[in-house]
Amino acid sequence: MTREAKQESKNELLYEVEGSIATITFNRPERMNALTHKLEGELHHLFDRADADRAVRAIILTGAGRAFCAGYDQAPNDKSASHLLDPKGKSHADYIEFWQRADAGRVAYWTHMWRLGKPIIAAVNGWAMGGGFWYQLAADITIASDQAVFAQPEVRHISNTTFLLGALCGWKAANRWGLTGDHFDAQEALRIGMVNEVVPHDELMERARALAKRIALVPEPSVRLNKAISMMGMQAAGVYSGLLLEGTLGALAHASHNELRESLFEAQRAQGLKGYLDRRDGPFQPEPMGPRSAKARQKKATP
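Residues numbered from 1 in each chain as written. Predicted model: local features only at pLDDT ≥ 70, side-chain atom pairs only at ≥ 80, totals over all residues. Heavy atoms only, no water.

1. Description of the packing of aromatic side chains
Given two aromatic rings, one states the distance between the centres and the angle between the planes to describe the pair.
Here comes step 1: This model, assessed by the stated rule, comprises nine aromatic pairs.
Here comes step 2: A ring pair is formed by Phe 133 and Phe 184, whose centres lie 6.1 Å apart and whose planes are at 85 degrees; its orientation type is edge-to-face. In this pair, Phe 133 is assigned in helix H4 (residues 130–138) and Phe 184 in strand E9 (residues 184–185), connecting sequence segments 51 residues apart. The same class applies to Phe 133 as to Phe 184, namely buried.
Here comes step 3: Aromatic side chains Phe 265 and Tyr 276 sit 6.1 Å apart centroid to centroid with 20 degrees between the ring planes, which places their arrangement in the stacked category. (Phe/Tyr/Trp six-rings, centres within 6.5 Å; stacked < 30°, edge-to-face > 60°. Helix = DSSP H or I, 4+ residues; strand = E, 2+ residues; numbered from the N terminus. Buried < 20%, exposed > 50% of the residue type's maximum accessible area, 1.4 Å probe, protein only.)

2. A look at the pairing of strand E7 (residues 141–145)
If a strand is regular, its side chains alternate between the two faces of the sheet.
Here comes step 1: With respect to burial, E7 is a largely interior element, five of its five residues being buried.
Here comes step 2: Burial of E7 is two-sided: the residues Ile 141, Ile 143 and Ser 145 facing one way and the residues Thr 142 and Ala 144 facing the other way are all buried.
Here comes step 3: Across three bridges, E7 lies against strand E10 (residues 197–199) in parallel orientation. Looking across to E10, one finds that Ile 143 is bridged to Glu 197. (Pairing = 2+ DSSP bridges.)

3. Brief notes about the pairing of strand E2 (residues 21–26)
Here comes step 1: Counting buried positions along E2 yields six of six residues, so the element is predominantly enclosed.
Here comes step 2: Here E2 shows a buried face lined by Ile 21, Thr 23 and Thr 25 and a second buried face lined by Ala 22, Ile 24 and Phe 26.
Here comes step 3: Summarising the sheet, strand E1 (residues 13–18) and E2 pair through six bridges and their orientation is antiparallel. Of the residues in E2, the one forming a bridge with Leu 13 is Phe 26.
Here comes step 4: Joining the antiparallel neighbours E1 and E2 is a turn of two residues, in which Gly 19 adopts a positive phi near 65 degrees.
Here comes step 5: Bridge analysis of E2 against strand E3 (residues 58–63) gives six bridges, and the strand direction is parallel.

4. What to know about the side chain of Arg 261
Here comes step 1: Secondary-structure assignment places Arg 261 in helix H10 (residues 259–281).
Here comes step 2: The side chain of Arg 261 is buried and forms no salt bridge, while Asp 86, the nearest opposite charge, is found at 8.1 Å.
Here comes step 3: Excluding anything up to four places from it in sequence, Arg 261 contacts Leu 85, Tyr 95, His 157, Ile 158, Ala 253, His 254 and Ser 256. (Lys, Arg positive; Asp, Glu negative; His and termini not counted. Salt bridge = Lys/Arg side-chain N within 4 Å of Asp/Glu carboxyl O. Contact = heavy atoms within 4.5 Å.)

5. Regarding the pattern of salt bridges
Here comes step 1: Summed over the entire model, instances satisfying the criterion amount to 19 salt bridges.
Here comes step 2: One salt bridge in this structure joins Glu 97 and Arg 101, with 2.9 Å as the shortest N-O distance. Taken together, the positions of Glu 97 and Arg 101, both in helix H3 (residues 92–115) and four residues apart, correspond to about one turn of that helix.
Here comes step 3: Residue classification places Glu 97 among the partly exposed positions, given a relative accessible area of 36%.
Here comes step 4: Residue Glu 203 pairs with Arg 207 through a salt bridge whose shortest N-O separation is 3.0 Å.
Here comes step 5: With relative accessibility at 32%, the residue Glu 203 sits in the partly exposed group.
Here comes step 6: Among the residues examined, Arg 207 registers a relative accessible area of 30% and is labelled partly exposed.

6. A word on the confidence of the model for the chain
Here comes step 1: Mean pLDDT over the chain stands at 93; residues scoring 70 or higher make up 94%.
Here comes step 2: When the criterion is pLDDT under 50, residues 5–9 qualifies, and its contacts beyond four places in sequence or with other chains add up to nine contacts. (pLDDT = per-residue confidence, 0-100.)

And the structure:
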């Protein structure tokens, strides 16, 4: 680890440059690397920092602990002690404005990643849920550990999936996983074309670095311009238009508060975040794949 990385080791994002590779690590393992709006802004600042470093030729994004990133932090806001989704105390107009700005801003985050001259390799080491699921989708390349688990469980509390899943994997796969929020494993992610490769868990970072080093062998202008051909071409072909529509409909989904969502908040007020998640995900248990599937639970229970 470089001196620079050691100095930043207490941060919720670790930044390390080794040779031609910058590695950015989500570092909130006690929170499953859940995102906050502040953390997300800092992440994109580090993307720019790596992009501006002439010595860096590729960027690896990964997570500390058991998760790549478990999505946006569902804990109550420190100032208001309320859940991010909770409209209590907000006018209808303020609530809709918040989500319109947030969801439109997310489109800008994805396109920011695609504008970088350096490719981003997502090394998915574990749980990739919600916003974490989206970040590995938006990365230029994704390598998954055989222990990785993917899902968008937020659709279960009225939230949006992302057009990126349909654009990358086709609408049949997007509807199967985006309409349920079900968990799926790394092999299913590979089957539907969402990840490039599945590797043994202990080899994940080694394999990600090996690929980054191969990219670094290619002349910089070639990498930069060929990434632009792929990512700008996809946007010109319609992906960007789809994301603009997602920003609008995502805000509509987030603002569609109803009795079901209110019951989730009632569970949270009485039992905390665990009560909220139990009420939300309980009806969907067991999951079809992953550690919370019937097969995995049976295996764990067998002495």
